[in-house]
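# Overview (structure and organization)
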Protein chains: 2
Amino acid sequence: MSSLQIKVYKKNLDHTYCLGASNLLELFRSDKLNFLQKIIISSKADNGFGISEILHNCKKYNIEVVHNDFLVRKLSLKENTYVVGVVRKFFTQLESYASHIVLVNPSNMGNLGGVMRTQLAFGCRNLAIIKPAADHFDPKVINASKGAIFHLNIQHFDSLQEYYEKFLESRRFFTFYLHDSTDIRFVDFGTNNLSEKEVFQLSNSYVFGNESSGLSQLDANLGCRVKIPQFDDIDSLNLHVSVGIALWEVLRRSKNISQT
Amino acid sequence: MSSLQIKVYKKNLDHTYCLGASNLLELFRSDKLNFLQKIIISSKADNGFGISEILHNCKKYNIEVVHNDFLVRKLSLKENTYVVGVVRKFFTQLESYASHIVLVNPSNMGNLGGVMRTQLAFGCRNLAIIKPAADHFDPKVINASKGAIFHLNIQHFDSLQEYYEKFLESRRFFTFYLHDSTDIRFVDFGTNNLSEKEVFQLSNSYVFGNESSGLSQLDANLGCRVKIPQFDDIDSLNLHVSVGIALWEVLRRSKNISQT
């Protein structure tokens, strides 16, 4: 691939771009390394954070390194990005016997990447995305995920119904609403006697609606309706924060949490 | 003010822009209405969400309405913004006898606005910002706050020390770190026997560091060190999510939460 063929990201490309050293180091730490096609590096990279580790890894794993200031600038979102990874798109499958975050029609790239980051921080490694949805391979999403995308199992479905039918057996569904639902503090997720490592091994699905429209009332029939209580002063909690609080509420009840 | 004098937002302007109908409606619902100087509206606004309510309010409160497609387009962040409020900058003071969120050097506008939105959703109405910090009047921040900025008391300080000395008396400080701190579940915020309305009336300060660098070790001397436990797989929880989980952890222990 000559450097001239490298185009600004579009959804229909078979590859995406991982921007910046810290996101790239997450890729090196993951099992997705074989999807890294090449590294493009700017002369401004110098001895910046992570650069020597990245160059060392490229040598070790025989990954091509292209020096091209113009290309780095063209592909970057921010001025201070000095290294870009060209990553072939990869597809993963959800684990059947584990907890899933289910995002129905997430439309905001920052939220989508942010949810990935937060679920990984809490050890919940499976994400179902119900289409239509923001393109999860967009470099903006990868960037917002802080590289968490390389550590998760992510699978797309055409409808919540399709997901539901596929994973129906022995799985409990919790659907998040703003109103007319059980206060999350009084919901039994079945996790209270589990250890921190086991909490997200349970076959629970935590289902969140679109940023603007939420879940439909029909979706409520799938399982237990849950709400995070809040005052009525403003719109509502942001999607990313709602997922964070929900996961925390599940995790905090476990028997023991690592003293990191 | 002729419409030609309306410039793209810069920090040194004495006014800012409130973009979109839902943010403007929050301004109308707040006590900051007297800072609204005029409304600029696009011909594309038609009968879109909130437009008739905004026009009704402008008539009622004698606020100038300018029709100018070009200006709306020039000031907007998104294509689907059809109404813009010109808002004179306003300054508020923290309540001494209430809880404060303290953000030390927040640099990301999305985080800063997001924190405002989340703290209002949970009823915590005071925000201290330690400089240097992102410009909290930037339209991007107002937009990320979903208009919460109009309902909060926000005050700037040159250093955490300055804030600390001003509010030292009868105030408890909780400083958030990633490591070497007490698991938030075992921290007594003194709020457990309070009602949901009283929880953030307590003179507590919840102090969070910069997105990249966190709080300095010196800052720990100010009060109780707290951490939100998480796995070490990735960077850390995002600032906005950390504040959300901390506020939830305080609020969830209160005696009763509104069934909204």
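Calculation notes
- Residues numbered from 1 in each chain as written.
- Chains lettered and ligands numbered in written order.
- Predicted model: local features only at pLDDT ≥ 70, side-chain atom pairs only at ≥ 80, totals over all residues.
- Heavy atoms only, no water.
- Helix = DSSP H or I, 4+ residues; strand = E, 2+ residues; numbered from the N terminus.
- Rg over C-alpha atoms; globule rule 2.2 N^0.38 Å.
- Contact = heavy atoms within 4.5 Å.
- Lys, Arg positive; Asp, Glu negative; His and termini not counted.
- Charge placed at Lys NZ, Arg CZ, Asp CG, Glu CD.
- Core = buried A, V, L, I, M, F, W, Y, C linked by side-chain atoms within 4.5 Å.
- Buried < 20%, exposed > 50% of the residue type's maximum accessible area, 1.4 Å probe, protein only.
- Phe/Tyr/Trp six-rings, centres within 6.5 Å; stacked < 30°, edge-to-face > 60°.
- Pairing = 2+ DSSP bridges.
- Axes fitted to C-alpha atoms, helices over the stretch in contact; angles between N-to-C directions.
- Buried area = accessible area lost by both parts, 1.4 Å probe.
- Salt bridge = Lys/Arg side-chain N within 4 Å of Asp/Glu carboxyl O.
- Polar contact = N/O pair within 3.5 Å; in protein donor to acceptor, adjacent residues only side chain to side chain.
- Nonpolar A, V, L, I, M, F, W, Y, C, P; charged D, E, K, R; others polar.

## Section: the overall build of chain A
Along the backbone of chain A there are seven helices and 11 strands. Radius of gyration (C-alpha) of chain A: 20 Å, near the 18 Å computed for a compact globule of 260 residues. Projected onto its principal axes, the C-alpha coordinates of chain A cover approximately 55 × 40 × 35 Å. Sequence separation of 24 or more characterises 82% of the internal contacts of chain A that already satisfy a separation of 6 or more. Between the mean site of the 29 positive side-chain charges and the mean site of the 26 negative ones, chain A shows a separation of 6 Å.

## Notes on the nonpolar core
Among the nonpolar cores identified, the biggest contains 146 residues, and Ile101 of chain A together with Ile101 of chain B are the most heavily contacted of them. In contact with Ile101 of chain A, other than residues within four places in its own chain, are Val115, Gln119, Cys124, Asn126, Leu127, Ala128, Tyr206, Phe208, Val243 and Leu247 of chain A.

## A closer look at the packing of aromatic side chains
All names here are of chain B. Considering all chains together, one arrives at 30 aromatic pairs over all chains under this definition. For the ring pair Phe90 and Phe150, a centre distance of 6.1 Å and an interplane angle of 45 degrees mean the geometry is tilted. With Phe90 in the loop between strand S4 (83–88) and strand S5 (100–104) and Phe150 in the loop between helix H5 (139–144) and strand S7 (153–157), the pair connects residues that are 60 residues apart, well separated along the chain. Residue classification places Phe90 among the buried positions, given a relative accessible area of 6%. Judged by relative accessible area, which is 1%, Phe150 ranks as buried.

## Focus on the sheet that holds strand S6 (residues 126–130) of chain B
Residue and element names in this part refer to chain B. Strand order in the open sheet made by the seven strands is S7-S6-S5-S10-S8-S11-S9, with parallel pairing throughout. Edge positions in the sheet fall to S7 and strand S9 (182–183), since each of these pairs with one other strand and no more. Packing against the sheet, helix H7 (residues 239–251) makes contact with S5, strand S8 (172–176) and strand S10 (204–208), and its axis sits at approximately 155 degrees to S10.

## Focus: the interface of chain B and chain A
On the side of chain A, 47 residues touch chain B, which itself brings 46 residues to the contact. Here chain B meets chain A over a buried area of about 4,100 Å², counting both sides, of which 58% is carbon and sulfur. Here chain B and chain A share zero salt bridges between them. Counting across the chain B and chain A interface gives six residue pairs in polar contact (both at pLDDT 80 or more). Looking at the side of chain B that touches chain A, the elements that each hand over two or more residues are helix H4 (109–121) and H7 of chain B. Of all the elements, H7 of chain B adds the most residues to the side of chain B that touches chain A, at seven residues. Across the side of chain B that touches chain A, the residue classes tally to 16 nonpolar, 14 polar and 16 charged.

Distances and angles like these do not, on their own, reveal function.
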